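Residues per chain, in single letters:
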Amino acid sequence: MTAIPPHNLDTERAALGCVLIDPRAVFSLLGAVREEHFYSPAHQVIFRAIERMHKRGEPIDLTLLAEHLQSHANLEEIGGPAYLAGLEAYVFTTENLPAYCAAIKSLWRMRRGIEAAREMAADWQSEES
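Note that the structure is predicted; figures quoted are calculated from it, not measured.

A. Local environment of unusual backbone geometry. The backbone phi angle of A73 is positive, close to 60°, even though this residue is not glycine. As for its position among the elements, A73 is in the loop between α4 (62-71) and α5 (80-86). For A73, a relative accessible area of 66% translates into the label exposed.

This is how it looks when you write it as structure tokens:
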């Protein structure tokens, strides 16, 4: 049985939802985390879309993000419009975004550490064989 790597999907949802609640939060989000820091593939897709829209100078809100995801054939991949709209429910205040980002990055570091340890163990076992 394989253990599930450390992650917190609610924290990831809240971080992404902050941008939907307050588009100015995009600066904090993009300055603190990267796509690969997210555990959920759907959240990676949403982050990538937010990043792409921001780089193009496009405004970001729920409707425009959904349109962007739809135009790139990613809307259904992330769970559809209902999933995207539900991200806002995880946000109590955008002031917590730095804490969300710190948690996301910390969990990513743990996952990386676990993966590195697994690789070292596999290398050690192959050397012993």
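B. Layout of the packing of aromatic side chains. Within this structure, the stated rule accounts for 1 aromatic pair. For the ring pair F38 and F47, a centre distance of 5.3 Å and an interplane angle of 40° mean the geometry is tilted. The ring of W108 has R34 lying over it, and the distance from NZ or CZ to the ring centre is 5.5 Å.

C. Quick peek at the side chain of H43. Looking at the secondary structure, you find H43 in helix α3 (residues 41-55). On the accessibility criterion, H43 (1% relative accessible area) is buried. Of note is the side chain of H43, whose polar atom sits 2.7 Å from the side chain of E12. Excluding residues within four positions of it along the chain, H43 makes contact with L9, E12, R13, L16, F38 and Y83.

D. Region of the structure containing the pattern of salt bridges. In this structure the tally under the stated criterion is 5 salt bridges. The closest approach of N and O atoms between R24 and D22, which form a salt bridge, is 3.0 Å. We note a salt bridge from R56 to E58, for which the minimum N-O separation is 3.9 Å.

E. Local environment of the side chain of E12. For E12, the location among the structural elements is in helix α1 (residues 9-21). Filtering out sequence-adjacent residues up to four positions away, E12 remains in contact with H37, F38, Y39, S40, H43 and I104.

F. Structural view of the packing of α3 against α4. Interhelical geometry of α3 versus α4 gives an angle of 105° and a closest axis separation of 10 Å. Between α3 and α4, the angle falls in the class roughly perpendicular. Note on element contacts: α4 touches α3 through L64, L65, H68 and L69, opposite V45, I46, A49, I50, R52 and M53. Its residues placed into classes, the contact of α3 with α4 shows 8 nonpolar, 1 polar and 1 charged.

G. Geometry of helix α6 (residues 97-128). If you check α6, its first and last C-alpha atoms are 47 Å apart, about what 32 residues at 1.5 Å a residue would give, namely 46 Å. Those residues of α6 that fall on the buried side of the exposure criterion are L97, Y100, C101, I104, L107, W108 and R111. Tucked inside the fold, the buried residues of α6 contact α1 and α2 (26-32).

The rules behind the values
Residues numbered from 1 in each chain as written. Predicted model: local features only at pLDDT ≥ 70, side-chain atom pairs only at ≥ 80, totals over all residues. Heavy atoms only, no water. Helix = DSSP H or I, 4+ residues; strand = E, 2+ residues; numbered from the N terminus. Buried < 20%, exposed > 50% of the residue type's maximum accessible area, 1.4 Å probe, protein only. Phe/Tyr/Trp six-rings, centres within 6.5 Å; stacked < 30°, edge-to-face > 60°. Lys NZ or Arg CZ within 6 Å of the ring centre and 35° of its normal. Polar contact = N/O pair within 3.5 Å; in protein donor to acceptor, adjacent residues only side chain to side chain. Contact = heavy atoms within 4.5 Å. Salt bridge = Lys/Arg side-chain N within 4 Å of Asp/Glu carboxyl O. Axes fitted to C-alpha atoms, helices over the stretch in contact; angles between N-to-C directions. Parallel < 35°, antiparallel > 145°, perpendicular 65-115°, else oblique. Nonpolar A, V, L, I, M, F, W, Y, C, P; charged D, E, K, R; others polar. Expected span 1.5 Å × (residues − 1).

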